[in-house]
Amino acid sequence: MSKENGDWPDFNKNRIGQLIVCEGGTCGNRDKGAHPIPFDQLKKTIKSNGMKKHFKLTSSKCLGVCKPHNVSVFLSDDEQIWFGQMKTDEPYVQLEQWISCSVDEGQMLPLPTTLEKYVFKRFKSN
Ligand code: FES
């Protein structure tokens, strides 16, 4: 059962997107060959640049697709983008820049081509 659009409160209306970063048992685990996840740096950047009101960053336990290592999912009203195989800090820096530029514009900008190689298809589609 779902509510009609008009029945929901207008919460988070200022936010243009959300990034959920997995910090589960495999992602970020050096013993399993993963690169440490710079979540605190991401959080610091988003908080210190006043982006928090416009973009939500959260960490999560296992997102259920551990094999690519260092999985994150970006969500907005229009799309979901799954990222994996982030083996250095560089893609996280690119994510920060993408989010920062998008917040400045007041809307999510197209995904930078430099991040495309980290995108994977999470679900089977018809
Ligand atoms: S531990 Fe990150 S997706 Fe499973």
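Everything numeric in this text was worked out from a predicted model, so none of it was measured.

Draft legend 1. Spotlight on unusual backbone geometry. One non-glycine residue with positive phi stands out, namely H69, at about 60 degrees. Secondary-structure assignment places H69 in the loop between β2 (55-60) and β3 (72-75). Phi is positive for N70, which is not a glycine, with a value near 50 degrees. Among the structural elements, N70 can be located in the loop between β2 and β3.

Draft legend 2. The arrangement of the sheet that holds strand β4 (residues 80-83) in detail. Read from one edge of the open sheet, 5 strands run β2-β1-β3-β4-β5, paired in mixed fashion. Only two strands of the sheet have a single neighbouring strand rather than two, namely β2 and β5 (119-120). Relative to β5, β4 runs antiparallel, the two being bridged by 2 bridges. Bridge pairing in β5 links W82 to F120.

Draft legend 3. Up close: the nonpolar core. Counting residues in hydrophobic clusters, the biggest one holds 21 residues, and the most contacted among them are L19, I46, F55 and I99. Elements supplying a minimum of two residues to this core: β1 (17-22), α1 (39-48), β2 and α2 (90-105). It is α2 that provides the largest number of residues to this core, a total of 5 residues. Leaving out residues up to four positions away in the same chain, I99 has contacts with L19, I46, M51 and F55.

Draft legend 4. Expanded view of the environment of M51. With respect to the helices and strands, M51 occurs in the loop between α1 and β2. Through-space distance from the C-alpha of M51 to that of R15 is 9.2 Å; in sequence the pair is 36 residues apart. If we skip the residues at most four places from it in the chain, M51 touches I46, I99, S100 and V103.

Draft legend 5. Representation of the confidence of the model for the protein chain within the structure. Of the residues in the protein chain, 95% have a pLDDT of 70 or more, and the chain-wide mean is 91. Put simply, α1 is where the protein chain has its lowest mean pLDDT, 91, and β3 is where it has its highest, 98.

Draft legend 6. Highlighting the pairing of β1. Direction of pairing for β1 relative to β2: parallel, over a ladder of 6 bridges. Counterpart to L19 in the pairing with β2 is L57. Once you follow β1 into α1 and on to β2, the crossover reads as right-handed.

Draft legend 7. Structural detail: the environment of H35. Inspection of the secondary structure assignment puts H35 in the loop between β1 and α1. Residues H35 and Q80, spaced 45 residues apart in sequence, show a C-alpha to C-alpha distance of 23 Å. In contact with H35, not counting residues within four places along its chain, are N70, M86, K87 and T88.

Draft legend 8. Spatial organisation of α2. Taking 1.5 Å per residue as the helical rise, α2 with its 16 residues ought to reach 22 Å, and the 23 Å between its terminal C-alpha atoms agrees with that figure. Inspection of α2 places P91, Y92, L95, E96, W98, I99, S102 and V103 among the buried residues, and these make up the whole buried set. Taken down its axis, α2 places every buried residue within 165 degrees of arc, on the same side. Set apart from the buried face of α2 by more than 90 degrees, the exposed residues are E90, C101, D104 and E105. Next to the buried residues of α2 lie β1, α1 and β2. Remark: G106 follows α2 within two positions and exhibits a positive phi of approximately 80 degrees.

What counts as what
- Residues numbered from 1 in each chain as written.
- Predicted model: local features only at pLDDT ≥ 70, side-chain atom pairs only at ≥ 80, totals over all residues.
- Helix = DSSP H or I, 4+ residues; strand = E, 2+ residues; numbered from the N terminus.
- Pairing = 2+ DSSP bridges.
- Core = buried A, V, L, I, M, F, W, Y, C linked by C-beta atoms within 7 Å.
- Buried ≥ 20, exposed ≤ 12 C-beta atoms within 10 Å, placed from the backbone.
- Contact = placed C-beta atoms within 7 Å.
- pLDDT = per-residue confidence, 0-100.
- Right-handed = clockwise from strand over helix to strand, strands pointing away.
- Expected span 1.5 Å × (residues − 1).
- Arc of directions from axis to C-beta.

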